[in-house]
Amino acid sequence: MIQPLLLSLKLAFVTSSLLLVLGLPFAWWLAFTQFRLRFLVESLLALPIVLPPTVLGFYLLLELGSRGWLGEFCERLTGHTLAFSFEGLVVGSVIYSLPFAVQPFTAALASVDRRLLESSASLGASSWRTFWRIAFPLALPGIVAGYALSFAHTLGEFGVVLMLGGNIPGRTQTASIAIYDNVQMLDYTTAARQSLTLLGISFSLLVLINALNRRRNWRLR
């Protein structure tokens, strides 16, 4: 019971941390770009929200398996493909949870007063310095909320991780898959304990997200 939960927590932490690093520059661009086809980029970004997880997992399995170019490259480099491995779960989780991180990041950065950013630029500060010294601190509650939301979303993944990683104990069996297994075996007691644990963690994260959003809305008034 503990091992699948620890694996889920590890997957959620690694995925959310990668999304923080990869998603913030993307969100910064989305918040202030004048690109006319931005709506196409935003639609592509939001696709995992409406796409059935099994569909996304299926395409990722094809790409990360031995017949996909990325899976073949990884096999030549490391001796194994990304499919049915923890690393493959990370790749799938980053793609699947991308909008749940980038959208809150973008909203938080877009809410920063542009006059402050323009003043910083007029004083000769680089975009990098303006981001870290002004935009990031002011958008921090929204950024933390996006991190927590992507963490919670990854923690409850089922379809993508099952399609891409299978159900290998100790390697790819996450908490949600373990709950499904226990229900299949009619072990409702263990499934109930695992479900209650995930419920408690998810509710705590939602409380944090709502508290941060409330603080951000208060600061914007």
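Cut-offs used in this document
- Residues numbered from 1 in each chain as written.
- Predicted model: local features only at pLDDT ≥ 70, side-chain atom pairs only at ≥ 80, totals over all residues.
- Heavy atoms only, no water.
- Salt bridge = Lys/Arg side-chain N within 4 Å of Asp/Glu carboxyl O.
- Helix = DSSP H or I, 4+ residues; strand = E, 2+ residues; numbered from the N terminus.
- Phe/Tyr/Trp six-rings, centres within 6.5 Å; stacked < 30°, edge-to-face > 60°.
- Buried < 20%, exposed > 50% of the residue type's maximum accessible area, 1.4 Å probe, protein only.
- Axes fitted to C-alpha atoms, helices over the stretch in contact; angles between N-to-C directions.
- Parallel < 35°, antiparallel > 145°, perpendicular 65-115°, else oblique.
- Left-handed = near helix turned anticlockwise from the far one by under 90°.
- Contact = heavy atoms within 4.5 Å.
- Nonpolar A, V, L, I, M, F, W, Y, C, P; charged D, E, K, R; others polar.

It is worth spelling out the pattern of salt bridges at this point. Tallied over the full model, the rule gives three salt bridges. The residue glutamate 72 makes a salt bridge to arginine 76 at a minimum N-O spacing of 2.8 Å. Note that glutamate 72 and arginine 76 are positioned in helix 4 (residues 69-78) at a spacing of four residues, about one turn of the helix. For arginine 115, the salt bridge is made with aspartate 113, and the minimal N-O distance between the two is 2.9 Å.

To continue, consider the packing of aromatic side chains. Here the structure, examined in full by the defined rule, presents 10 aromatic pairs. Ring geometry for tryptophan 28 versus phenylalanine 32: centroids 4.9 Å apart, planes at 65°, classification edge-to-face. Of this pair, tryptophan 28 and phenylalanine 32 both sit in helix 1 (residues 2-32), four residues apart, which is roughly one turn of that helix. Classification of phenylalanine 32 by relative accessible area gives buried; the value is 18%.

The next subject is the packing of helix 2 (residues 38-50) against helix 5 (residues 86-110). Between helix 2 and helix 5, the least distance of the axes is 6 Å, while the angle of their chain directions is 130°. As the angle between them shows, helix 2 and helix 5 are arranged oblique. Of the two possible hands of crossing, helix 2 and helix 5 adopt the one that is left-handed. Contact residues: helix 2 offers Arg38, Leu45, Ala46, Pro48 and Ile49, while helix 5 offers Ile95, Tyr96, Leu98, Pro99, Phe100, Val102, Gln103 and Thr106. Class assignment of the residues belonging to the contact of helix 2 with helix 5 gives a composition of 10 nonpolar, two polar and one charged.

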